[in-house]
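Structural overview for review
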Amino acid sequence: MRILLVEDTVGLGEAVRDQITDDGHAVDWVQSLSFAEASLQTTAYDLVLLDLMLPDGHGLGFLKTIRSSGNTTPVIILTARDQVSDRIEGLNAGADDYLIKPFDLSELSARVAAVARRYRGNPNPLIQVGNLEVDLHDHRIQRDGQPVELTAREWALFEGFIQRPGMLLSRQQLEDRLYAFGAEIESNTIEVYVSRLRKKLGRDAIVTVRGMGYRLETHES
């Protein structure tokens, strides 16, 4: 996924960014609400990780504003405010989950995955596409009953396809899943990763539509 992290504490921001990146997601990290607002206006995110106490304002006000504008991007609040009333206020403002600092980074990964599944309309982490059995929670794939090992980047790209089986994804959409804003991208990066996925998932698993993009086939490959 493409995730926006809004956190002004450098040490925590680095730790969260590294954890989410290791999970295979692209992370844009900003340290103020003004930069968060600008990022949301220019980039389509799959999820926002939002601190509440920021240098230029309170995260709840920001959350209420984007919700009132019609933005439905999932939001997980990350905060040291641990009162039940605080959690209720955050959820009522439009948050999808609420994680109290300090938190375990593996729990953050699990909550990110859970929120993403809910928004895809498929709370079940186990799905079947053609001859592929996919465990979205544990990032595991079996092809015809045999395990398939993917790297974090390969999984990030595959997850984009598995979210929209049979639908065409452009090169830009796929690049957005792999790289944070400002990262240098080689011109043939997507071709390289698609080729790797085909070797592991089957030659016909991903179809190229020349000049337009790629799609994951739903029949057995």
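Residues numbered from 1 in each chain as written. Predicted model: local features only at pLDDT ≥ 70, side-chain atom pairs only at ≥ 80, totals over all residues. Heavy atoms only, no water.

1. Here's the deal with the overall build of the chain
- A count of helices and strands for the chain gives 8 helices and 13 strands.
- C-alpha extents for the chain along the principal axes are approximately 50 × 35 × 30 Å.
- Taken over 221 residues, the chain has a buried fraction of 45%.
- Counting every atom, the chain has about 11,100 Å² of accessible surface; 49% of that belongs to carbon and sulfur.
- One way to put it: in the chain the 24 positive side-chain charges average out to a point 5 Å from where the 33 negative ones average out. (Helix = DSSP H or I, 4+ residues; strand = E, 2+ residues; numbered from the N terminus. Buried < 20%, exposed > 50% of the residue type's maximum accessible area, 1.4 Å probe, protein only. Areas by Shrake-Rupley, 256 points an atom, 1.4 Å probe, with all protein chains shown as cover. Lys, Arg positive; Asp, Glu negative; His and termini not counted. Charge placed at Lys NZ, Arg CZ, Asp CG, Glu CD.)

2. Some words on the nonpolar core
- Formed by 26 residues in total, the largest nonpolar core has its most connected members in Val134, Leu157, Phe158 and Phe161.
- Looking at this core, the elements with two or more residues in it are strand E8 (126–129), strand E9 (132–135), helix H6 (152–163), helix H7 (171–178), helix H8 (189–201) and strand E13 (213–216).
- Looking at this core element by element, the count peaks at 6 residues for H6. (Core = buried A, V, L, I, M, F, W, Y, C linked by side-chain atoms within 4.5 Å.)

3. Observations concerning the packing of aromatic side chains
- The full count for this structure, using the stated rule, is 1 aromatic pair.
- Ring geometry for Trp155 versus Phe158: centroids 5.7 Å apart, planes at 55°, classification tilted. Linking Trp155 with Phe158, this pair stays in helix H6, spanning 3 residues, or about one helical turn. With respect to burial, Trp155 and Phe158 carry one shared label: buried.
- The side chain of Arg196 reaches across the aromatic face of Tyr193, ending 5.0 Å from its centre. (Phe/Tyr/Trp six-rings, centres within 6.5 Å; stacked < 30°, edge-to-face > 60°. Lys NZ or Arg CZ within 6 Å of the ring centre and 35° of its normal.)

4. Some thoughts on helix H2 (residues 33–42)
- Listed in full, the buried residues belonging to H2 are Leu33, Ala36, Ser39 and Leu40. Projected onto a plane normal to the axis of H2, the buried residues spread over an arc of 120° and lie on a single side. Exposed residues pointing more than 90 degrees away from the buried face of H2 are listed as Phe35, Gln41 and Thr42.
- Elements that come into contact with the buried residues of H2 comprise strand E1 (2–6), strand E2 (26–30), strand E3 (47–51), strand E4 (53–54), strand E5 (57–58) and helix H3 (59–68). (Arc of directions from axis to C-beta. Contact = heavy atoms within 4.5 Å.)

5. Some details on the sheet that holds E3
- Spatially, the 5 strands line up as an open sheet ordered E2-E1-E3-E6-E7, and their pairing is parallel. Unpaired on one side and paired on the other, E2 and strand E7 (97–100) mark the two borders of the sheet. When the angles between neighbouring strand axes are averaged without regard to direction, this sheet yields 20°.
- In this structure, E1 lies alongside E3, joined through 4 bridges in parallel fashion. Along E3, the bridge assignment pairs Leu5 with Leu49. (Pairing = 2+ DSSP bridges. Axes fitted to C-alpha atoms, helices over the stretch in contact; angles between N-to-C directions.)

6. Some details on the sheet that holds E9
- One open sheet holds the 4 strands; their spatial order is E8-E9-E10-E11, and the pairing between them is antiparallel. Where the open sheet ends on each side, the last strands, each with one partner, are E8 and strand E11 (146–148). Here the average twist between neighbouring strands, direction ignored, is 25°.
- By the bridge criterion, 4 bridges tie E8 to E9 in an arrangement that is antiparallel. The residue bridging Leu126 from the neighbouring strand is Asp135, located in E9.
- Each of E9, strand E10 (140–143) and E11 touches H8; the most contacted strand, E10, lies at about 55° to it.

7. Looking at the pattern of salt bridges
- Counted according to the given criterion, the structure contains 12 salt bridges.
- Among the ionic pairs, Arg67 bridges to Asp96, the shortest N-O distance being 3.2 Å. Placement of the pair is Arg67 in helix H3 and Asp96 in the loop between helix H4 (84–92) and E7, with a sequence separation of 29 residues.
- Of the charged contacts, one joins Arg171 and Glu191 as a salt bridge, the two residues approaching to 2.4 Å between their closest N and O atoms. Taken as a pair, Arg171 in helix H7 and Glu191 in helix H8 lie far apart in primary sequence, 20 residues in all.
- When salt bridges with common partners are traced through the structure, they connect Glu7, Asp51 and Lys101 into a single cluster. (Salt bridge = Lys/Arg side-chain N within 4 Å of Asp/Glu carboxyl O.)

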